[in-house]
Amino acid sequence: MSEYHYVFLHPGDSRRQLVEDVGAACGVELKPSADEFVDHSANLGHAAVELEFTHDYEDDHGIPFERYDALLTVRDFDSDLERQAATALRIFERLAAVDRYDLILIRDLQELLASSTRTSRHSTSGDAP
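Rules used throughout
- Throughout this document, residue positions are counted from 1 along each chain, in the order its sequence is written.
- For a predicted model such as this one, the threshold for reporting local features is a pLDDT of at least 70, and the threshold for listing and counting side-chain atom pairs is 80 or more; totals across whole chains, interfaces and linings nevertheless cover every residue.
- Remark: hydrogens and water are excluded; side-chain values derive from all non-hydrogen atoms of the structure.
- Secondary structure follows DSSP: runs of H or I at least 4 residues long count as helices, runs of E at least 2 residues long count as strands, and numbering of each begins at the N terminus.
- Radius of gyration: over C-alpha atoms. The globule rule applied is 2.2 Å multiplied by the number of residues raised to the 0.38 power.
- The buried label goes to any residue with under 20% of its type's maximum accessible area, the exposed label to any with over 50%, and the partly exposed label to all in between, with areas taken from a 1.4 Å probe on protein chains only.
- Contacts: residue pairs with any heavy atoms within 4.5 Å of one another.
- Note on areas: Shrake-Rupley with a 1.4 Å probe; residue coverage comes only from the protein chains shown.
- The positive count covers Lys and Arg only, the negative count covers Asp and Glu only, and His and the chain ends enter neither.
- By convention, the point assigned to a charge is CZ for Arg, NZ for Lys, CD for Glu and CG for Asp.
- In this scheme, strands are said to pair when DSSP sees at least two bridges between them.
- Axis angles are defined between N-to-C directions and span 0 to 180 degrees, where every axis is a line fitted to C-alpha atoms and, for a helix, only to the segment in contact.

Caption draft 1: Seen up close, the overall build of the chain. Counting secondary structure elements, the chain contains 2 helices and 7 strands. Secondary structure of the chain in N-to-C order comes out as β-α-β-β-β-β-α-β-β. Computed over the C-alpha atoms, the radius of gyration of the chain is 14 Å, within 12% of the 14 Å expected from 2.2 N^0.38 for a compact globule of 129 residues. Along the longest, intermediate and shortest principal axes, the C-alpha atoms of the chain span 40 × 35 × 30 Å. Put simply, the chain has 129 residues, and 43% of those count as buried. Taking all contacts inside the chain whose residues are at least 6 apart in sequence as the whole, residues at least 24 apart take part in 56%. Of the roughly 7,000 Å² that the chain leaves accessible, carbon and sulfur atoms contribute 45%. In the chain, which carries 12 positive and 26 negative side-chain charges, the distance between the mean positions of the two groups comes to 7 Å.

Quick look at the structure:
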């Protein structure tokens, strides 16, 4: 089984804004996905990013997955875990700098690598799912 890196985000209720912010953090435009489990995705050249507006993960390993609405998966095409980790951390840091989301960065759904909490409260109304 492959090991991936994940960024869980809250709030994810303004889907348009979420897609724009994640795309900006990734440096690409996310496109709607035909995959039934993935809402938007993009090819970074060496890795894929897949955004899901919802997820079914329950709190586990002391990680509060249920607190987060949306999920971004980062997976390196060559299974280069160092490059994948660096890519995921770069995206995480860029999203944290937006200061619109509470975030956690997770390795393989088992290890909490980083977390970030919004310092301000931006309005997310007006663009409900």
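Caption draft 2: Region of interest: the pairing of strand β3 (residues 40–43). Residues H40 and A42 line the buried face of β3, whereas the alternating positions S41 and N43 sit on a face that is not buried. Relative to β3, strand β2 (residues 31–32) is paired through 2 bridges, and the arrangement is antiparallel. Residue pairing in the sheet places K31 in a bridge with S41 of β3. Strand direction decides the pairing type here: β3 and strand β4 (residues 47–52), joined by 4 bridges, are antiparallel. By the bridge assignment for β4, A42 is matched with V49. If you look at the hairpin formed by β3 and β4, you'll find 3 residues sitting between the two strands, and G45 has a positive phi there, around 100°.

Caption draft 3: The sheet that holds strand β5 (residues 70–76), seen in detail. Strand order across the open sheet formed by 7 strands is β2-β3-β4-β5-β1-β6-β7, with antiparallel pairing between neighbours. Sheet topology places β2 and β7 (111–116) at the edges, where each strand pairs with a single neighbour. Its contacts with the sheet put helix α1 (residues 15–26) on β1 (5–10), β3, β4 and β5, and the angle it makes with β4 is roughly 165°.

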